[in-house]
Amino acid sequence: MSYKILIIDDDVDLVEMNRAFFTSKGFTVCYAYNGEDGLKALRREKPDLVILDVMMTEVGEGFEVARQIRADEQVKNTPIIMLTSVNQEHGFNLTIGPDDTWNPVDCFLEKPASHTQLLGKVEEILQSLKR
Amino acid sequence: MIIEKGKILVVDDELGMREGIRRILEMQGHEVDTADCGHKGIEKGISAEYDLYFIDLKMPDLEGTQVLREIKLVYPEAICVIVTAYASIDTAVETTRMGAYQYIPKPFEPEELQILVHRALERRWYILEARRLREEQERRLLEVAHEQSRMRTIINALDDGILVINQEGQVVLFNPGFLKLLNITTEIAIGDNVLDIIPAQLSNQIKEIFANRNQVQAIIQEIVIHPPAKLVIMANTTPILGRKGELLGVVSVLRDISELKKIDIMRSQFVDMAAHELKSPLTAVQGYLELVVDKTLGEEPELYEGYLKRSLERTKSLVNLINDLLNVTRLEAGKVRREIQLQNIKELIDDRIDFLKNDIKQQNLQVLLDVDSDMYVDADREDMLRLFNQVIANAIKYNKPDGTITITGHKNRNYVKVDIADTGIGLREEDRQRLFEDFFRAKNEHTRNITGTGLGLTIVKKIVDAYSGKIEVNSKYEHGTTFSIFLPITKSQLS
């Protein structure tokens, strides 16, 4: 069975390149270019994992999307990998520690992340789900 | 001590007595005035303060006691000697009770008078000296009080908060700025212990200085106050040392640095956004190249050429972004060296249209020009070229194929007004409002494949602002956008 990944990113090239990559690795890929469409796609497609860009139209829009995912009973357990440009996002005061209960994402990955890195994280998270 | 040269008034109706006393006293070097009746005695006696008064007890018009009373009323410290021919214990007691210094019975010997005057003037000297000291003290007190009230006024007028605390932790001094900054509403009196009322970070600073009294030094710290949130205070607590270096207390100076903090946050936000804008295209390029290099990745090789093309495009946009970033920071830092010269608007626009002709051709756009040829502004040529280049390039980039760009330029009062209108994708109202924000780019299905830095209009706005001009945007989503640029017309063309 192939895993389904949802990519939410406003950068058309990032979506395309990740789509091409994960498709070639046997994943089913769906994507959205903004948060609103992303949430719709998430509810519709029920992916196994979401790759989310931290900043879309404005600073921290990705966090807002993550919060909304976590607030939705239907999809709140979907793992989220968040792509960031800087380690510490200003104004969010997020710590990446696993004990941080309200932290809405499972993993941060700093750009530019190579395909190998991203794939590694995706597989790691999907493996841990199986157990 | 004694008054060597006394000023003496003799009030007596008997000419012989008056002149007798005068003669004796003048011989001793004193200055003597006389009055021949009670009324004149009062009049002279209160017109100026004499060092010594001789008052005859029995005068036809007034009793000497009456004269004594009137003079004492005006000069309570006046030394009055009662001269009387009717010497009796009763009159003596009576006049001294009324404030007479002494009485002398008639007749008296010159030596008697001299001794009396000597003693009286000695006493007068002490009275005057005491008065002088008293007045000096009062004057000093007044000065001190004045100085204190002046310091007080200054301290109270300060925006910075001041808090002085003694060794016992009691408030010695504070100003309204202190109460306002820390939003303290409880009443505070001098002598109160406020360490529990002030924010913990501040009281900790104060306690720390008291705790390390041997190695005291200033503590400077940023304090974030809750509530109200977003208030950041720079607290500077310094020990107050006595003459021997002993710790007397501490003074805390508090300054509101919230605005500086805001600028700080905006700056780091700009850096974050710049990092994002730089890393996103890099990630795309890296990812595409990985796909192309590792032939096992990605799908059909036919797509590879597209990936390479996109990589090239993103790389170019990265270079543009870096240039724009440099321009923005340069304009912000005010480092721009402007060579202000007369610039012809039409010539500038023609120059840019020529510069961008290939892009115009590619989109098959039609350019309609209606710009007055005699409009000038005082500006730096580079600034103006960048300004028009950016706005015209946007009109090309966000146009629809086979669309039109209409550029009109006319005088508008004291301004040159240039309208650059396209027939392109337009802007949604919410996007139009945010258009000049750093890195803002309208995101919709039409703009997805258009690259841009999100800084072009930031730069445009900064240039226009630098020349006291303005820029307005009108737009209709999916129909087109018009930018109106207003620049002050050159002084030589002012109407």
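Quick note: structure is the one above.
These remarks concern the structure in this document. (Residues numbered from 1 in each chain as written. Chains lettered and ligands numbered in written order. Predicted model: local features only at pLDDT ≥ 70, side-chain atom pairs only at ≥ 80, totals over all residues. Heavy atoms only, no water.)

Moving on, we get to the pattern of salt bridges. This structure, assessed with the given rule, holds 47 salt bridges over all chains. Among the ionic pairs, A:Lys4 bridges to A:Glu45, the shortest N-O distance being 2.9 Å. In this pair, A:Lys4 sits in strand S1 (residues 4-8) while A:Glu45 sits in helix H2 (residues 35-45), placing the two residues 41 residues apart along the sequence. Overall, the relative accessible area of 21% leaves A:Lys4 in the partly exposed class. Two residues, B:Glu49 and B:Arg131, come together in a salt bridge whose shortest N-O distance is 3.0 Å. Note that B:Glu49 is positioned in the loop between helix H2 (38-47) and strand S3 (52-56) and B:Arg131 in helix H5 (residues 110-157), a separation of 82 residues in sequence. (Salt bridge = Lys/Arg side-chain N within 4 Å of Asp/Glu carboxyl O. Helix = DSSP H or I, 4+ residues; strand = E, 2+ residues; numbered from the N terminus. Buried < 20%, exposed > 50% of the residue type's maximum accessible area, 1.4 Å probe, protein only.)

Residues and elements named next belong to chain B. All buried positions along helix H10 (residues 345-355) are accounted for by Ile345, Leu348, Ile349, Arg352 and Ile353. The arc enclosing the buried residues of H10, seen along the axis, measures out at 130°, which places them on a common side. You can read the cap of H10 off the contacts: a side-chain oxygen lies 2.9 Å from the backbone nitrogen of Lys346, and it is on Asn344. (Arc of directions from axis to C-beta. Polar contact = N/O pair within 3.5 Å; in protein donor to acceptor, adjacent residues only side chain to side chain.)

This part covers the sheet that holds S3(B). Residue and element names in this part refer to chain B. Here five strands make up an open sheet; going across it, the order is S2-S1-S3-S4-S5 and the pairing parallel. Two strands in the sheet have a free side with no partner beyond their single neighbour: strand S2 (31-35) and strand S5 (102-105). In this sheet, neighbouring strand axes are inclined to one another by 20° on average, regardless of whether the strands run parallel or antiparallel. As defined by bridge partners, strand S1 (residues 7-11) adjoins S2 across five bridges and the pair is classed as parallel. Paired with Lys7 across the bridge in S2 is Glu31. Packed on one face of the sheet, helix H1 (residues 15-27) meets S1, S2 and S3 and runs near 170° to S2. Contacting S1, S3, strand S4 (80-84) and S5, H5 crosses the sheet at an angle of about 135° to S3. (Pairing = 2+ DSSP bridges. Axes fitted to C-alpha atoms, helices over the stretch in contact; angles between N-to-C directions. Contact = heavy atoms within 4.5 Å.)

For the rest of this paragraph, the subject is the interface of chain A and chain B. With 32 residues of chain A in contact, the opposing surface of chain B contributes 30 residues. Taken over both partners, the interface formed by chain A and chain B buries close to 2,700 Å², and the fraction arising from carbon and sulfur atoms is 56%. Where chain A packs against chain B, one counts four salt bridges. Note that B:Lys279 is salt-bridged to A:Glu110, the shortest N-O span being 2.9 Å. Counting the contacts that link chain A with chain B gives nine residue pairs in polar contact (both at pLDDT 80 or more). Taken together, the elements giving at least two residues each to the side of chain A that touches chain B come down to helix H1 (12-24) and helix H4 (115-130) of chain A. The dominant element in the side of chain A that touches chain B, judged by the number of residues it contributes, is H1(A), at 10 residues. A per-class count over the side of chain A that touches chain B returns 12 nonpolar, nine polar and 11 charged. (Buried area = accessible area lost by both parts, 1.4 Å probe. Nonpolar A, V, L, I, M, F, W, Y, C, P; charged D, E, K, R; others polar.)

Strands in a sheet are paired, the pairing made by backbone hydrogen bonds, and the direction either parallel or antiparallel. Residue and element names in this part refer to chain B. The five strands are arranged S12-S14-S15-S17-S16 in an open sheet whose pairing can be described as mixed. A strand with exactly one partner marks an edge of an open sheet, and here the two such strands are strand S12 (366-371) and strand S16 (470-476). When strand polarity is set aside, the average angle formed by the axes of neighbouring strands in this sheet is 10°. Pairing of strand S14 (residues 404-412) with strand S15 (residues 415-422), which is carried by eight bridges, proceeds in the antiparallel orientation.

Quick look at the packing of aromatic side chains now. By the definition in use, this model includes 11 aromatic pairs over all chains. Relative to B:Tyr307, the ring of B:Tyr288 has its centre 4.7 Å away and its plane inclined at 20°; by these criteria the two rings are stacked. Of this pair, B:Tyr288 sits in helix H8 (residues 258-293) while B:Tyr307 sits in helix H9 (residues 302-333); the two residues are 19 residues apart in sequence, bridging distant segments of the chain. The pair B:Tyr288 / B:Tyr307 is uniform in exposure class, with both members buried. An aromatic cluster of at least three residues, connected via ring pairs, comprises A:Phe21, A:Phe22 and A:Phe27. Over the ring of B:Phe486 we find B:Lys470; its NZ or CZ atom is 4.7 Å from the centre of that ring. (Phe/Tyr/Trp six-rings, centres within 6.5 Å; stacked < 30°, edge-to-face > 60°. Lys NZ or Arg CZ within 6 Å of the ring centre and 35° of its normal.)

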